[in-house]
Amino acid sequence: MTEEQKAISGELFSPIHPDLVAVKRISHNLCTKYNLTYEDDPERDQIIRKILKKTGESVRMQGPIFFNYGCHTTIGEKFFANYNFTVLDDAPVTIGDHFMAGPNVTIATPMHPLVPEERLSMLDENGKPFAPCYAKPIVIGNNVWVASGVVICAGVTIGDNVVIGAGSVVTKDIPSGVLAAGNPCKVIREITEKDSVKK
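First, a word on what this report is: a plain description of the structure on this page.

Thresholds, definitions, all that
- Residues numbered from 1 in each chain as written.
- Predicted model: local features only at pLDDT ≥ 70, side-chain atom pairs only at ≥ 80, totals over all residues.
- Heavy atoms only, no water.
- Buried < 20%, exposed > 50% of the residue type's maximum accessible area, 1.4 Å probe, protein only.
- Helix = DSSP H or I, 4+ residues; strand = E, 2+ residues; numbered from the N terminus.
- Arc of directions from axis to C-beta.
- Contact = heavy atoms within 4.5 Å.
- Pairing = 2+ DSSP bridges.
- Core = buried A, V, L, I, M, F, W, Y, C linked by side-chain atoms within 4.5 Å.

**So, helix α3 (residues 43–51)**
Buried within α3 we find Arg 44, Ile 47, Ile 48 and Ile 51. Along the long axis of α3, the arc covered by the buried residues comes to 100°, so they all point the same way. On its buried face, α3 is in contact with α2 (18–35), β1 (59–61) and β2 (65–67).

Here you go:
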């Protein structure tokens, strides 16, 4: 099993393995290229499609952006992300249609061992030490608004028609049709017709 396959499947892996570094470098360089463009530069759309595994139509990212691998992330139609959108997609990240992210949103699939000795160093199949990671996929449904400063942690699934309040840290699954907020993020209530701002 390759290091990338280990990462995708939730096994311990070495983030500094040369094969992974090579994949990440492609994404990092493309993100840097994107971040050096102007908002109205038509090349932005082409760069995004080179970074990501799959994208829908009408994808807009304000920038700067950062994707660790990019090729592990799939996003749907009508996507918008505000400033400083960060995706650490060591494991797969799947985002549905009509997604909105406020500034400074982070989606992070990788984790490190809790035991200090394991976090400092383990041995690979060749007996060489490495500081291990493991990762869990993140899934976000359709019609989701993630407000400013939200962190979505490894292994989380967020349902459809959800709003995540500003500054939340999402550590557990969030069901569909709710407003959720806090650290740790918890369901506050269902979203209903009473929330309509139409006059």
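Next comes the rest of the account.
**Concerning the sheet that holds strand β4 (residues 79–81)**
Strand-to-strand pairing in sheets goes through backbone hydrogen bonds, with the strands running parallel or antiparallel. Taken in spatial order, the 7 strands make up an open sheet running β1-β4-β7-β14-β17-β19-β20, and their pairing is mixed. Among the strands making up the open sheet, the edge pair consists of β1 and β20 (186–190). As defined by bridge partners, strand β17 (residues 163–164) adjoins strand β19 (residues 178–181) across 2 bridges and the pair is classed as parallel. Across the sheet, the residue bridging to Ile 164 is Ala 180, located in β19.

**Let's talk about the nonpolar core**
One finds Met 61, Phe 85, Ile 107, Ile 152, Ile 158 and Ile 164 to be the most contacted residues of the largest nonpolar core, which totals 37 residues. Excluding residues that lie within four positions of it along the chain, Met 61 makes contacts with Tyr 34, Arg 44, Ile 48, Leu 52, Phe 67, Ile 75, Phe 79, Ala 81 and Phe 85. Counting 8 residues, the second largest nonpolar core, distinct from the first, contains Ala 7, Leu 20, Val 23 and Tyr 69.

Scope: geometric values only; no functional claims are made or implied.
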